[in-house]
Amino acid sequence: MLRLPGVEPRELAVSGARAVACSNIALVKYWGKADVERNLPAVPSLSMTLDGLRTVTTVAFSATLTEDVVSIGGSVATGKPRDRAVALLERVRALAGVPHRARVESANDFPTAAGLASSASGFAALALAAVAAAGREVDLSEVSALARSASASAARSVYGGYAALGAGAERAERVASAADFPLAMLVAVTATGPKSLGSTEAMTRTAQTSPYYRAWVEGAPALFEQARSALLSRDLRGLGEAMEQSTLQMHATMHTSVPAVVYWVPATLSAMACVTELRTAGVPAYFTIDGGPHVKVLTSPEHADEVRAKLTGAAGVLRVLSCTPGPDAFVEETWE
Ligand code: DP6
């Protein structure tokens, strides 16, 4: 756990908690909002929660603080990142009747320099730590709704295994556990540094300017159903095909926005080509790409090493991380 220089959170705390949440990768994408004010998604999404990409967050409510202090990865947050965290803390304070400001420390256990830092694990861990620190009984459904208000993809990170967030839904739901369908996800890191444009801004531009946005919203429920039933019947091919379609349709709306939103770099395409080659050779491997240049490849645990080796050799791929479906978000410790 990272600490602000010279400050021990417990010294000042009225009550505190530390929580852990894993990142998630959308197999069927959320892209676009039904209600911008309430941050409700326009389309249903389905995700795998990823072990190996975790955020650990401590929230300590303190009677001596006059404002919330938020530290992310060892640096004190300002501007939008701080505002989003404070808005979430406000919701928890209102729900739990806690008057105190909080000190928040959040750190990822995965390489943030690789541009993989995800708001999903961050806001899921923050929502859970804040609820637990406020002394409220933990209800994952409520935590999911709180996380969603900050970032819709975060609603899904509250649940381990596989989770869904319906169109217009306030909270995610568990779809299947990790044990129901053990799969592997290889993350081909293709660039360093933060991404060029945040997802929230990019999806707003897409909704306002892409001629394909309406078609995307109309077609998403069918893709979601296809993926969900493939997942429940342990059909990797059906799931992988729906996932690639969802990815390509989402990126088509971005590419046709004005100005265009293009997250892909040359290594994105070389990793995608590797996946096609693997399939031609009979290996079950399917790609997905979020709002960034990295390529995530879904395969069976038996083929994970082969897929990893192939991706490692792709032109421009910097490194490959191996992930499996992760656990529910959980509280590590609480104190008063
Ligand atoms: C491409 O959840 O980051 O990763 O709700 O505005 O915070 P906000 O957006 P965010 O968008 C995630 C977009 C995505 C697809 C997905 O995770 O479903």
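Structure's up top.
Residues numbered from 1 in each chain as written. Predicted model: local features only at pLDDT ≥ 70, side-chain atom pairs only at ≥ 80, totals over all residues. Heavy atoms only, no water.

Caption draft 1: Region of interest: the overall build of the protein chain. In terms of regular secondary structure, the protein chain is built from 10 helices and 14 strands. For 336 residues, the compact-globule estimate of 2.2 N^0.38 gives 20 Å, and the C-alpha radius of gyration of the protein chain, at 20 Å, lies within 12% of that figure. Each of the three principal axes of the protein chain carries a C-alpha extent, and together these read 60 × 40 × 35 Å. Per-residue burial for the protein chain yields a buried fraction of 55% across its 336 residues. Partitioning the contacts of the protein chain with sequence separation of at least 6, the portion at a separation of at least 24 is 75%. (Helix = DSSP H or I, 4+ residues; strand = E, 2+ residues; numbered from the N terminus. Rg over C-alpha atoms; globule rule 2.2 N^0.38 Å. Buried < 20%, exposed > 50% of the residue type's maximum accessible area, 1.4 Å probe, protein only. Contact = heavy atoms within 4.5 Å.)

Caption draft 2: Layout of the site of the ligand. Of all residues adjacent to the ligand, which total 18 residues, the nearest are Tyr30, Lys33, Ser151, Ser153 and Thr200. In this structure, Lys33 approaches the ligand through a side-chain N or O atom, which is 2.6 Å from an oxygen atom. Between Ser153 and the ligand, the recorded distance is 2.6 Å, taken from a side-chain N or O atom to an oxygen atom. Counting residues per element, the shell around the ligand draws most heavily on helix H6 (residues 199-209), at 3 residues. Here the shell around the ligand is built from residues that sort into 6 nonpolar, 7 polar and 5 charged. (Near = heavy atom within 4 Å. Polar contact = N/O pair within 3.5 Å; in protein donor to acceptor, adjacent residues only side chain to side chain. Nonpolar A, V, L, I, M, F, W, Y, C, P; charged D, E, K, R; others polar.)

Caption draft 3: Broad picture of the pattern of salt bridges. One pass over the full model with this rule turns up 15 salt bridges. As a salt-bridge pair, Arg279 and Glu244 come within 2.8 Å of each other at their nearest N and O atoms. With Arg279 in helix H9 (residues 266-280) and Glu244 in helix H8 (residues 236-255), the pair connects residues that are 35 residues apart, well separated along the chain. Classification of Arg279 by relative accessible area gives partly exposed; the value is 30%. The network of salt bridges with shared partners includes Asp68, Glu90, Arg93 and Arg101. (Salt bridge = Lys/Arg side-chain N within 4 Å of Asp/Glu carboxyl O.)

Caption draft 4: Focus on the sheet that holds strand S13 (residues 319-323). Spatially, S11-S12-S10-S13 is the arrangement adopted by the 4 strands of the open sheet, whose pairing is antiparallel. Two strands in the sheet have a free side with no partner beyond their single neighbour: strand S11 (285-288) and S13. Adjacent strand axes in the sheet meet at a mean angle of 25° when their direction is disregarded. Bridge count for strand S10 (residues 184-189) against strand S12 (residues 295-299) is 5 bridges, and the pairing is antiparallel. Residue pairing across strands places Ala184 opposite Thr299, the latter belonging to S12. Here H9 sits on the sheet and contacts S10, S11 and S12; the angle it forms with S11, its principal contact strand, is near 155°. Along the sheet, helix H10 (residues 304-312) makes contact with S10, S11, S12 and S13, crossing S10 at roughly 10°. (Pairing = 2+ DSSP bridges. Axes fitted to C-alpha atoms, helices over the stretch in contact; angles between N-to-C directions.)

Caption draft 5: Looking closely at the nonpolar core. Membership of the largest hydrophobic core comes to 55 residues, with the highest contact counts inside it found for Trp31, Val59, Phe61, Leu88, Leu89, Leu126 and Val158. The element that contributes the greatest number of residues to this core is helix H3 (residues 119-133), accounting for 11 residues. By size, the runner-up hydrophobic cluster in this structure holds 30 residues, among which are Val28, Tyr162, Phe224 and Leu231. (Core = buried A, V, L, I, M, F, W, Y, C linked by side-chain atoms within 4.5 Å.)

Caption draft 6: Geometry of the environment of Pro325. Relative to the assigned elements, Pro325 resides in the loop between S13 and strand S14 (330-335). Note on Pro325: relative accessible area 12%, which makes it buried. C-alpha separation for the pair Pro325 and Arg136, spaced 189 residues apart in sequence, amounts to 28 Å. Apart from residues no more than four positions distant in its own chain, Pro325 is found in contact with Met48, Thr49, Asp51, Gly161, Tyr162, Ala178, Phe181 and Leu183.

Caption draft 7: Molecular detail of the packing of helix H2 (residues 79-96) against H3. At a minimum axis separation of 10 Å, H2 and H3 run at an interaxial angle of 35°. H3 is crossed by H2, and the crossing has right-handed handedness. Contact residues: H2 offers Arg84, Ala85, Leu88, Leu89 and Val92, while H3 offers Phe123, Leu126, Ala127, Ala130 and Val131. Tallied by class, residues from the contact of H2 with H3 come to 9 nonpolar, no polar and 1 charged. (Left-handed = near helix turned anticlockwise from the far one by under 90°.)

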